[in-house]
Amino acid sequence: MLLTLTTTHRPATDLGYLLVKHPEKVHSFDVPTGTAYVMYPEATEERCTAALLLDVDPRRLRAQRDAFELSQYVNDRPYAASSLLASALAKVFRSALRGASKDRPELAATPIPLEVHVPVLRGTTDLVTRLFTPLGWTVTATPIPLEPEVVAGLPRSSPAGRPSGDSRYVDLRLSGELRLADALNHLYVLLPVLDDGKHYWVAPDEIEKLLRSGEGWLAGHPEKVLIARRYLAHRKSLATTALQLLDAGEEPATEEDAELPVPRRAPLAEQRRDAVLAALAEVAATRVLDLGCGGGALLTALMKQRSISEIVGADVSSRALEQAARRLRLDRLPERQRGRIKLIQTALTYRDDRLRGFDAAVLMEVIEHVDLTRLPALETAVFGHARPGAVIVTTPNAEYNVHYEGLTGMRHSDHRFEWTRAEFAGWAGRVAAEHGYTVTIRGVGDEHEVTGAPTQLALFTSTEVSA
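All figures in this text were calculated on a predicted structure; none of them were measured in a lab. (Residues numbered from 1 in each chain as written. Predicted model: local features only at pLDDT ≥ 70, side-chain atom pairs only at ≥ 80, totals over all residues. Heavy atoms only, no water.)

(A) Local environment of the packing of aromatic side chains. Counting across every chain of the model gives eight aromatic pairs. Centre to centre, the rings of F383 and Y437 are 5.6 Å apart; their planes meet at 90 degrees, and the pair counts as edge-to-face. Taken together, the residues span a long stretch of sequence, with F383 in helix α16 (residues 375-386) and Y437 in strand β13 (residues 437-444) at a distance of 54 residues. The two residues F383 and Y437 agree in class, both being buried. Here the aromatic residues F383, F417, W419, F424, W427, Y437 and F460 are joined through ring pairs into a cluster of three or more. A cation over a ring is seen here: R104 above Y17, with NZ or CZ 3.9 Å from the ring centre. Against the face of Y350 rests R374, its NZ or CZ located 5.6 Å from the ring centre. (Phe/Tyr/Trp six-rings, centres within 6.5 Å; stacked < 30°, edge-to-face > 60°. Helix = DSSP H or I, 4+ residues; strand = E, 2+ residues; numbered from the N terminus. Buried < 20%, exposed > 50% of the residue type's maximum accessible area, 1.4 Å probe, protein only. Lys NZ or Arg CZ within 6 Å of the ring centre and 35° of its normal.)

Structure (structure tokens):
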């Protein structure tokens, strides 16, 4: 799927500074559903166009929580703009979405002439116009016709010929003079709204994403109810909460209140990483293992901690390690930084001497992906053989699942189990006693008085280290 962004601001090549992507290069980014590319079909002082191309990998797509309308084999997901493209846009143009530009800060805050083209987008011309026109865009939405009959002379209704007329897709062109950040945030919110079928599970933290991206324009939008409902996957409780927060923001109690900044509510994934980093600081770890590192989300945060001198990311999946390497940009790191980190392929249920002698090991959202029958092998390999000075384990709290409207079963299709707080505490206490550790357990995320926090964290400390 494709999205192009064009400006005629002089010099137009300043678009490269705003997007933090050099016009003379092709940039590639690994995303959960495939690979995103940024390139510039044209780049002159008079006119510059940046193209975002998302190449969807059907195998990864099937691994996402996506309810295909036809079947898992025949669908429009790889081609029509949707939440997949919005997610890629958020990752690739992260700083531009925030309105941040180290090289052109004044330009980032200035409206510039912009043209947006999305060749294939699910929606009607009426709905597209209702969504984008109030935001200052001039909208041209051209219905994409169905292919004509392939058998000459057959009537339009003949089953032997193909149906004719307009499809449910449009070719969308937008033009206007806006800040680049505003334009990108409009697209980030409204592309999945038009598609009306997010490819991932919509949790309460999506409210914060909607409010952050809709800041300054969503509260006054005439279609804000429709936008909130569709963006939040028609989950009534989430949409109601979002609309209440929007309305509260429209009419502050006093002028003083209006001037106060709204505190940012961090997503659960971010809170979890912060909790792990805090636990590592608590035990003063300088040599750290990230076991089951996946695509490298925690590794990126660890690299930013100057107190950590050695980092090893371990995973059984070679593909995950490749993703982590790309995410960390290992091939571009200075030699000194590159020397701090190593990626190794290993199975956590087998003993590996390369994992011995570290200050701390992290198993962040890992154990629930291991079959219960294989969990004792992981315990022996990590706590018995590798035996780091501290082990940090996070896992979902099954009791909290009642707060996820529409969720039946576990939070992820690959989870083998999800424990209550009592079950997790029982497991952690047994492992600590068997392997010579002490353990403390704490919640991560907004805590409910009955069900607790969404994530539970156990900090194991070796009794030898403590002594």
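(B) Summary view of the sheet that holds strand β11 (residues 360-364). Here we have seven strands laid out as an open sheet, ordered β10-β9-β8-β11-β12-β14-β13, and mixed in their pairing. If you trace the sheet from one side to the other, it starts and ends with β10 (341-345) and β13, each paired once. Taking the axes of each pair of neighbouring strands and ignoring which way they run, one obtains an average angle of 15 degrees across the sheet. Strands in contact with helix α17 (residues 421-435) are β12 (390-396), β13 and β14 (455-462); relative to β13, the strand with the most contacts, it is inclined by about 160 degrees. (Pairing = 2+ DSSP bridges. Axes fitted to C-alpha atoms, helices over the stretch in contact; angles between N-to-C directions. Contact = heavy atoms within 4.5 Å.)

(C) Fine view of the pairing of strand β9 (residues 310-315). β9 sits mainly inside the fold: five of its six residues count as buried. Sheet topology places strand β8 (residues 287-291) next to β9; five bridges connect them, and they run parallel. Counted as the bridge partner of R287 is E310 from β9. One crossover worth recording links β8 to the parallel β9 by way of helix α13 (residues 297-303), and it is right-handed. By the bridge criterion, five bridges tie β9 to β10 in an arrangement that is parallel. Counted as the bridge partner of G313 is L343 from β10. (Right-handed = clockwise from strand over helix to strand, strands pointing away.)

(D) Summary view of the sheet that holds strand β1 (residues 2-7). With antiparallel pairing, the seven strands of this open sheet are ordered in space as β2-β3-β4-β1-β5-β7-β6. Sheet topology places β2 (27-31) and β6 (138-145) at the edges, where each strand pairs with a single neighbour. Geometrically, the sheet is characterised by an average inter-axis angle of 15 degrees between neighbouring strands, direction not taken into account. Here β2 runs beside strand β3 (residues 34-43); their pairing, made up of five bridges, is antiparallel. Residue pairing in the sheet places H27 in a bridge with V38 of β3. Helix α3 (residues 83-92) rests against β1, β2, β3 and β4 (48-56) of the sheet, and its axis sits at about 125 degrees to β4. In this fold helix α6 (residues 125-132) packs onto β6 and β7 (166-178), with an angle of close to 160 degrees to the strand it touches most, β6.

(E) Examining the nonpolar core more closely. Formed by 70 residues in total, the largest nonpolar core has its most connected members in L19, F132 and W137. Ranked by the residues each element gives to this core, the list is headed by helix α7 (residues 180-195), at 10 residues. (Core = buried A, V, L, I, M, F, W, Y, C linked by side-chain atoms within 4.5 Å.)

(F) Layout of the pattern of salt bridges. Applying the stated rule across the entire model yields 21 salt bridges. Measuring nitrogen to oxygen at the nearest pair gives 2.9 Å for the salt bridge that ties E399 to R421. One end of the pair, E399, is in the loop between β12 and α17; the other, R421, is in helix α17, with 22 residues separating them in the sequence. With relative accessibility at 33%, the residue R421 sits in the partly exposed group. One network of salt bridges, with partners in common, ties together E42, R47 and E115. (Salt bridge = Lys/Arg side-chain N within 4 Å of Asp/Glu carboxyl O.)

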